[in-house]
Amino acid sequence: MMALALGMDAFSMGIGMGLRGIRLLNIAKVSFVIGLFHILMPLMGMFMGNYVSTLLGNVATTAGGALLVVLGAHMLYSALRGSSSVVLDQKSFWGILLFALMVSIDSFSVGLSLGMFSSDIALTVLIFGFFGGLMSVLGLLLGRRVGAWVGEYGEALGGLILLLFGIRFLM
């Protein structure tokens, strides 16, 4: 569920990018890079979270839950506030990298939180990468066909899921 929640960012931003028109080859490129970033970012976060966990013990569990609450609340707030999107050139190398970083940066924070708990690192990051890539493909394809109204709700739903997971960790 967390991988799906993190993929909602890629989905909602993919809709926005897809609305401007995007070729199928570019959808494949963008989605591959997003999937890769959804593997690398939480992996880096998990290693850092695991290290922090050995230093702090039980305090780390509370900090990880609080981090998920803050991240989820921020995503929810941003979606409801309707912040403006940055226009990127999805055809350029740097545009693809910047887009992938933008939709994957929250995966680092979630990885940091998950690193404080015991989890199967390889399975977790592969699932994150799969859902990040899949959700971006779906968002880009959907963006080619429908209006922008779905994009803000997708990010809001992703933020709500992260918020609920954070609250669960805090209890």
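Quick note: structure is the one above.
Residues numbered from 1 in each chain as written. Predicted model: local features only at pLDDT ≥ 70, side-chain atom pairs only at ≥ 80, totals over all residues. Heavy atoms only, no water.

A. Summary view of the overall build of the protein. Within the protein one finds six helices and zero strands. Taken from the N to the C terminus, the helices and strands of the protein come in the order α-α-α-α-α-α. Here the protein, with 171 residues, has 46% of them falling under the buried criterion. Element-wise, carbon and sulfur atoms account for 73% of the exposed surface of the protein, whose accessible area totals about 8800 Å². (Helix = DSSP H or I, 4+ residues; strand = E, 2+ residues; numbered from the N terminus. Buried < 20%, exposed > 50% of the residue type's maximum accessible area, 1.4 Å probe, protein only. Areas by Shrake-Rupley, 256 points an atom, 1.4 Å probe, with all protein chains shown as cover.)

B. Here's a closer look at the packing of aromatic side chains. Tallied over the entire structure, the rule returns two aromatic pairs. Measuring from ring centre to ring centre gives 5.1 Å for phenylalanine 93 and tryptophan 94, while their planes differ by 75°; the resulting arrangement is edge-to-face. Each member of the pair, phenylalanine 93 as well as tryptophan 94, carries the same accessibility label: exposed. (Phe/Tyr/Trp six-rings, centres within 6.5 Å; stacked < 30°, edge-to-face > 60°.)

C. Highlighting the environment of proline 42. Of note, proline 42 is situated in helix 2 (residues 24–56). What makes proline 42 buried here is its relative accessible area of 0%. Proline 42 sits 84 residues away from leucine 126 along the chain, and the two C-alpha atoms are 9.9 Å apart.

D. Region of interest: the side chain of serine 107. Residue position: serine 107 is located in helix 4 (residues 93–115). Using a relative accessible area of 0% as the deciding quantity, one classes serine 107 as buried. Engagement of the side chain of serine 107 in a polar contact is seen with the side chain of histidine 38, the distance being 3.5 Å. Beyond its immediate stretch of four places on either side in the chain, serine 107 contacts Leu6, His38, Met41 and Pro42. (Polar contact = N/O pair within 3.5 Å; in protein donor to acceptor, adjacent residues only side chain to side chain. Contact = heavy atoms within 4.5 Å.)

E. Local environment of the environment of phenylalanine 165. Secondary-structure assignment places phenylalanine 165 in helix 6 (residues 149–170). Counting along the chain gives 164 residues from phenylalanine 165 to methionine 1, while the straight-line C-alpha distance between them is 9.2 Å. In contact with phenylalanine 165, not counting residues within four places along its chain, are Met1, Met2 and Leu68.

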